Amino acid sequence: MAGGTVRATPEQDELRAAVRKLLERTEGGAAWGPLTGQIGVAGLAVPEEYGGAGGGARDVYVVMEELGRALSPVPFLGSSVLAAGALLTSGDRGACGRLLPALADGRSVGTLAWAEQGSWEPEAIRAEAVRKARGGWRISGVKDHVLDGGGESGTQLLLVAARSEGGVTLFEVPVGGAGVQREALVTMDQTRCQARWLFADAEARPVGADGDGERVLRHVRDLSCAALAAEQTGAAGRCLELTVQHVLQRVQFGRPIGSFQAVKHRLADAYVLVESARSAALGAARAADEDPAALPRLAAVAASVCAEAYAVVAGEMIQLHGGIGITWEHDAHRYFKRAHGAGQLFGSAAVHRARLAADIGLPLQGTDAVGEVGDVDTADAAV
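No experiment lies behind these values; they were computed from the predicted model shown. (Residues numbered from 1 in each chain as written. Predicted model: local features only at pLDDT ≥ 70, side-chain atom pairs only at ≥ 80, totals over all residues. Heavy atoms only, no water.)

Engineer: Which residues make up the overall build of the protein, and what are the values?
Structural biologist: Scanning the protein from terminus to terminus reveals 11 helices and nine strands. The C-alpha radius of gyration of the protein comes to 21 Å, within 12% of the 21 Å expected for a compact globule of 383 residues. Projecting the C-alpha coordinates of the protein onto the three principal axes gives extents of approximately 80 × 45 × 40 Å. Burial statistics for the protein: of 383 residues in total, 52% are counted as buried. (Helix = DSSP H or I, 4+ residues; strand = E, 2+ residues; numbered from the N terminus. Rg over C-alpha atoms; globule rule 2.2 N^0.38 Å. Buried < 20%, exposed > 50% of the residue type's maximum accessible area, 1.4 Å probe, protein only.)

Engineer: Tell me what's going on with helix α4 (residues 76–90), and back it up with residues and numbers.
Structural biologist: The terminal C-alpha atoms of α4 lie 20 Å apart, and with 15 residues this matches the ideal 21 Å at 1.5 Å per residue to within 8%. Counting buried residues in α4 gives 14 out of 15 residues, a clear majority hidden from the surface. (Expected span 1.5 Å × (residues − 1).)

Engineer: Report on the packing of helix α8 (residues 295–320) against helix α9 (residues 332–342), specifying residues and quantitative values.
Structural biologist: Between α8 and α9, whose axes approach to 9 Å, the crossing angle comes to 160 degrees. The angle between α8 and α9 falls in the class roughly antiparallel. Classified by chirality, the crossing of α9 by α8 is left-handed. In this structure, α8 uses Tyr310, Ala311, Ala314, Gly315, Met317 and Ile318 to contact α9, whose residues at the interface are Ala332, Tyr335, Phe336, Arg338, Ala339 and His340. (Axes fitted to C-alpha atoms, helices over the stretch in contact; angles between N-to-C directions. Parallel < 35°, antiparallel > 145°, perpendicular 65-115°, else oblique. Left-handed = near helix turned anticlockwise from the far one by under 90°. Contact = heavy atoms within 4.5 Å.)

Engineer: Give me the pairing of strand β3 (residues 137–147): which residues, what numbers.
Structural biologist: Among the 11 residues in β3, eight count as buried, and that is most of the element. Sheet topology places strand β2 (residues 128–131) next to β3; four bridges connect them, and they run antiparallel. Opposite Arg131, over in β3, you have Trp137 as the bridge partner. Counting the residues between successive antiparallel strands, the hairpin from β2 to β3 contains five residues, one of them, Gly135, with a positive phi of roughly 100 degrees. (Pairing = 2+ DSSP bridges.)

Engineer: Tell me about the environment of Ala227, residues and numbers included.
Structural biologist: Mapped onto the elements, Ala227 comes out in helix α6 (residues 213–249). For Ala227, a relative accessible area of 5% translates into the label buried. Residues Ala227 and Gly141 lie 86 residues apart in sequence; the distance between their C-alpha atoms is 28 Å. Those residues in contact with Ala227, other than ones at most four positions away along the chain, are Val60, Met64, Leu77 and Val81.

Engineer: Account for the environment of Leu100, with residues named and values stated.
Structural biologist: Within the secondary structure layout, Leu100 lies in helix α5 (residues 93–104). A relative accessible area of 0% places Leu100 in the buried class. Each C-alpha atom, one on Leu100 and one on Val46, is 7.6 Å from the other, the two residues being 54 residues apart in sequence. Every residue in contact with Leu100, bar those within four places of it in the chain, is listed here: Val46, Tyr50, Ala84, Leu87, Leu88 and Ala95.

Engineer: Got a sec to walk through the nonpolar core? Specific residues and values, please.
Structural biologist: Ranked by internal contacts, the top residues of the largest apolar core, which has 74 residues, are Leu35, Phe76, Leu77, Leu87, Leu112, Leu159 and Phe346. With nine residues, α6 is the single largest residue contributor to this core. Contacts of Phe76, omitting those with residues within four sequence positions, involve Trp32, Val41, Ala42, Val60, Val63, Met64, Leu67 and Val81. Formed by 21 residues, the second largest nonpolar core is a distinct cluster that contains Ala270, Val313, Ile318 and Leu320. (Core = buried A, V, L, I, M, F, W, Y, C linked by side-chain atoms within 4.5 Å.)

Engineer: I'd like a description of the state of the cysteines, backed by residues and values.
Structural biologist: A full pass over the atoms with the stated rule returns zero disulfides. Left unpaired, Cys239 is separated from the closest cysteine sulfur, that of Cys306, by 14 Å. (Disulfide = S-S within 2.5 Å.)

Engineer: So what's going on with the side chain of His321? Residues and values would help.
Structural biologist: Structurally, His321 can be placed in the loop between α8 and α9. Looking at His321, the relative accessible area reads 12%, which means it is buried. Engagement of the side chain of His321 in a polar contact is seen with the side chain of His330, the distance being 3.5 Å. (Polar contact = N/O pair within 3.5 Å; in protein donor to acceptor, adjacent residues only side chain to side chain.)

Engineer: Explain unusual backbone geometry to me, using residue names and the numbers behind them.
Structural biologist: Of note, the phi angle at His145 is positive, near 55 degrees, even though the residue is not glycine. Its place among the elements puts His145 in strand β3. Among the residues examined, His145 registers a relative accessible area of 11% and is labelled buried. Its identity as a non-glycine residue notwithstanding, Asp201 has a phi of 55 degrees, on the positive side. Among the secondary structure elements, Asp201 is positioned in strand β7 (residues 194–207).

Engineer: Talk me through the pattern of salt bridges; I want residue IDs and the actual numbers.
Structural biologist: This model, assessed by the stated rule, comprises 30 salt bridges. Across the pair Arg338 and Glu231 runs a salt bridge whose closest N-O atoms are separated by 3.2 Å. Here Arg338 is found in helix α9, whereas its partner Glu231 is found in helix α6, with 107 residues between them in sequence. Each of the salt bridges in this network shares a partner with another, and the network as a whole consists of Arg16, Arg20, Glu65, Glu66, Glu275 and Arg278. (Salt bridge = Lys/Arg side-chain N within 4 Å of Asp/Glu carboxyl O.)

Engineer: Explain the confidence of the model for the protein to me, and be specific about the residues and the numbers.
Structural biologist: When pLDDT is averaged across the protein, the result is 90; 91% of the residues are at 70 or more. The low-confidence segment residues 367–383, where pLDDT is below 50, has 40 contacts with residues more than four positions distant or belonging to other chains. (pLDDT = per-residue confidence, 0-100.)

Engineer: Explain the packing of aromatic side chains to me, and be specific about the residues and the numbers.
Structural biologist: Scanning all chains against the criterion turns up three aromatic pairs. Ring centres of Trp114 and Trp120 lie 5.3 Å apart, and the angle between their planes is 90 degrees; this geometry places the pair in the edge-to-face category. On the basis of relative accessible area, Trp114 is assigned to the buried category, the value being 2%. Ring centres of Trp137 and Phe171 lie 5.3 Å apart, and the angle between their planes is 55 degrees; this geometry places the pair in the tilted category. (Phe/Tyr/Trp six-rings, centres within 6.5 Å; stacked < 30°, edge-to-face > 60°.)

And the structure:
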């Protein structure tokens, strides 16, 4: 890994312990209030001038790894990484001063409406932003697979990427405004809320410079891939942990199945995958903090490596639990669904390998430049 070993600070160790303890005693979305109010996770990467802790991507890594381990449904990725990251990257100090303090202390949950028709690429954006003669902007279009706050509070801050005459631009759109409609998606992974947002001549307010949205989205995608890789690493590690516990307890032919050489080999392979994923995710987090020029490349590596590692380890978890499959009393299927849903979020592993190949000037054959998106809704699940 470029730049040497990434070691956690004592503060990050304390952060990990606090987040894990809270998640162990608080179920589901109810953890969001204590996480933001008691620990302050929502403002970790927000500068102090906007009410945050002034931390960085490695602090986000710690939280995301623990959230993945617990399969927590809290809106940290959508609000604290996507929405806050988009505001900061835009360079719009007015919007940051107005919107970030509420995001940083958890009073507001934000999201970024970005993907269209199965693509996270800025070039695929067709939502249209038009400046009206009497002043102001209006947006029309549809955004799919938007990470949603869920729960009773839902999303309070909605940032939308749309195409204006100057190019792709970021806008703030009132959640309850005229011409704005939200449709909840029934996803395969029920631990991550998603929604479809429809805009019909909806009022909008630009964030950042007109036409600067493509730069913002590319950087936010890299930050989000790094954060998601941490989540995938934490979840894969938990899958391995639960599987080791099971094979040491499950007895066949008078001995624990974990004592059989074939099982040991499979667990060893899973361990290598988890540790490789951890190295890739930490490398991307370090680049986000210290080497921005390397972030696109290392984020693509992490997105590819961690997605595939998690999918394999989650599958091994099911198989080494005796093909447990969809058994509601056990979490194996939930980890498996999260693995495959997260593996398409912000683009598939193949898409990120194509990004990496393009970055180093190597053509990669047989890949889809657009790729699949996020999770699947009920129509996709039927295919």
